[in-house]
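Here are the chains, one letter per residue:
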Amino acid sequence: MTIILKIQGLRKGAKQIRQAAAILRGGGIVVFPTETVYGIGADALNPDACRRIYSIKGRAGDNPLIVHVSSMEMAETVARIPERYFGTMRRIWPAPLTIIVKAKPIVPKVVTGGLDTIAIRMPDSEVALSLIRESGVPIAAPSANISSKPSSTRASHAIKYFYGKVDAIMDSGRSKFGLESTVIDLKKFTILRPGSYTVDQVQKAFGKRPKVTSQSRAISDSRSRPSSPGMKYRHYSPEKPIFLFTGDPRALPAASESFRGEFTFIGSRESCRAMRGTAKNSIALGSRRDPGRMASMLFDALIALDGMESRFAIIEQFKEEGIGLAMMNRIRKACAHKYFSDERGLSRRVREIS
Ligand code: AMP
Ligand code: MG
């Protein structure tokens, strides 16, 4: 049975947080909110509970979990944070930045996918922090979605994915960022997954610019080995095929004209306006002037897409700066390399899926 725990404000939610923490301590599985997306959590030191996360999500065993902590002291029980970065991490956290560092032997192999490193972060969400504090243990929690599907940014998404499969789902409304945390390998000072903490923020906090590989931008490069296990799996895919338009934005209505009435358009409010009359329907992410808002609505749109009446979807591309870098990583993966830049390209792409 799955219980739904609605949290309206921290003080009022104290009882629900105690209830969820007791479930976690008892080896149960709890979906909980963070500032990035909802997570599906278990006691990180309980290998059986963590194994259940993999099986509920359908997640590959070599794709490790992020461990969430509520204090630097708790972080040090599971991870070796290099001395030269310790002060910076204490300053940055809580934040949507996950670091890859050496794991301590106490961490079960199931959590790290057999690696000797661990992904660790302190979420910037009072509900999440209170839950971890109350549980008294670090919480392993990947994003709350069935593997290959878009991550949950609302409790209703998690309910759709996991009702009847987890012990509790906490509901505290829409996630603030709506995209997962940034994952950085501190040893190589390289971004493995762009996310809600921007490259500029990393540079400012650490005083040096991290490397961003084409792999982490999800630009295909089959020769290189993935540096993060998660990179090689299908991701964020709605059931409906979705195509990324890579041409001049002004050319999009003409490029999709012959499929008039067959597709849903996803894009900025301004672009949705330009596509009126060409697309069957559209999902506006927000104004172009507010990239943060558009990023926070992306998964919501990808999940809503499957309920829309249309054969396929077209999404526009965004500038790869600031939060746009993470947005384009998720979009490229959701499209699984189905790109087009003109009418002929779209016709060819549509034939491939028919
Ligand atoms: P999720 O928790 O679903 O947001 O995904 C966590 C991401 O962090 C995945 O892409 C993992 O592959 C990555 N990750 C977790 N642990 C490690 C690690 N030790 N080394 C490299 N990447 C990791
Ligand atoms: Mg995930």
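Summary of the structure given here. Just so we're clear, the structure is a prediction, and the values are computed from it rather than from any experiment.

You can see Ser 152 is positioned in the loop between strand S8 (139-140) and helix H7 (155-162). Given a relative accessible area of 0%, Ser 152 falls into the buried group. Here the side chain of Ser 152 touches Ala 144 through a polar contact of 2.5 Å, landing on its backbone oxygen. With residues near it in sequence (within four places) discarded, Ser 152 still touches Val 37, Tyr 38, Ala 144, Asn 145, His 157, Ala 158, Tyr 161 and Ser 175.

Okay, the sheet that holds strand S15 (residues 281-284) next. Strand order in this open sheet of five strands is S15-S14-S16-S13-S17, and the pairing throughout is parallel. Pairing within the sheet leaves two strands with one partner each, and these edge strands are S15 and strand S17 (339-340). Sheet topology places strand S14 (residues 263-267) next to strand S16 (residues 312-316); four bridges connect them, and they run parallel. Within S16, the residue paired with Phe 263 across the bridge is Phe 312. Packing against the sheet, helix H12 (residues 324-335) makes contact with strand S13 (242-245), S16 and S17, and its axis sits at approximately 130 degrees to S13.

Turning to the side chain of Glu 316, a few remarks are in order. Within the secondary structure layout, Glu 316 lies in strand S16. Only 2.6 Å separates the side chain of Glu 316 from the backbone nitrogen of Ser 268, close enough to count as a polar contact. Ignoring anything within four residues of it in the chain, the contact list for Glu 316 reads Leu 244, Phe 245, Phe 265, Ile 266, Gly 267, Ser 268, Ser 271, Arg 288 and Ile 331.

With the rule as written, the count across this model stands at nine aromatic pairs. Seen in terms of ring centroids, Phe 189 and Phe 206 are 5.2 Å apart; in terms of plane orientation they differ by 70 degrees. Their pairing is edge-to-face. Residue Phe 189 is located in the loop between strand S10 (182-185) and strand S11 (190-193), and its partner Phe 206 is located in helix H8 (residues 199-206); the two are separated by 17 residues in the primary sequence. On the basis of relative accessibility, which here comes to 7%, the residue Phe 189 falls in the buried class. Of the residues examined, Phe 206 reaches a relative accessible area of 13% and is grouped as buried. Feature note: the residues Phe 243, Phe 259, Phe 263 and Phe 312 constitute an aromatic cluster, connected by ring pairs. The ring of Phe 189 carries Lys 208 above its face, with NZ or CZ at 4.5 Å from the centroid.

Conventions we followed
- Residues numbered from 1 in each chain as written.
- Chains lettered and ligands numbered in written order.
- Predicted model: local features only at pLDDT ≥ 70, side-chain atom pairs only at ≥ 80, totals over all residues.
- Heavy atoms only, no water.
- Helix = DSSP H or I, 4+ residues; strand = E, 2+ residues; numbered from the N terminus.
- Buried < 20%, exposed > 50% of the residue type's maximum accessible area, 1.4 Å probe, protein only.
- Polar contact = N/O pair within 3.5 Å; in protein donor to acceptor, adjacent residues only side chain to side chain.
- Contact = heavy atoms within 4.5 Å.
- Pairing = 2+ DSSP bridges.
- Axes fitted to C-alpha atoms, helices over the stretch in contact; angles between N-to-C directions.
- Phe/Tyr/Trp six-rings, centres within 6.5 Å; stacked < 30°, edge-to-face > 60°.
- Lys NZ or Arg CZ within 6 Å of the ring centre and 35° of its normal.

Nothing here speaks to function; it is all geometry.
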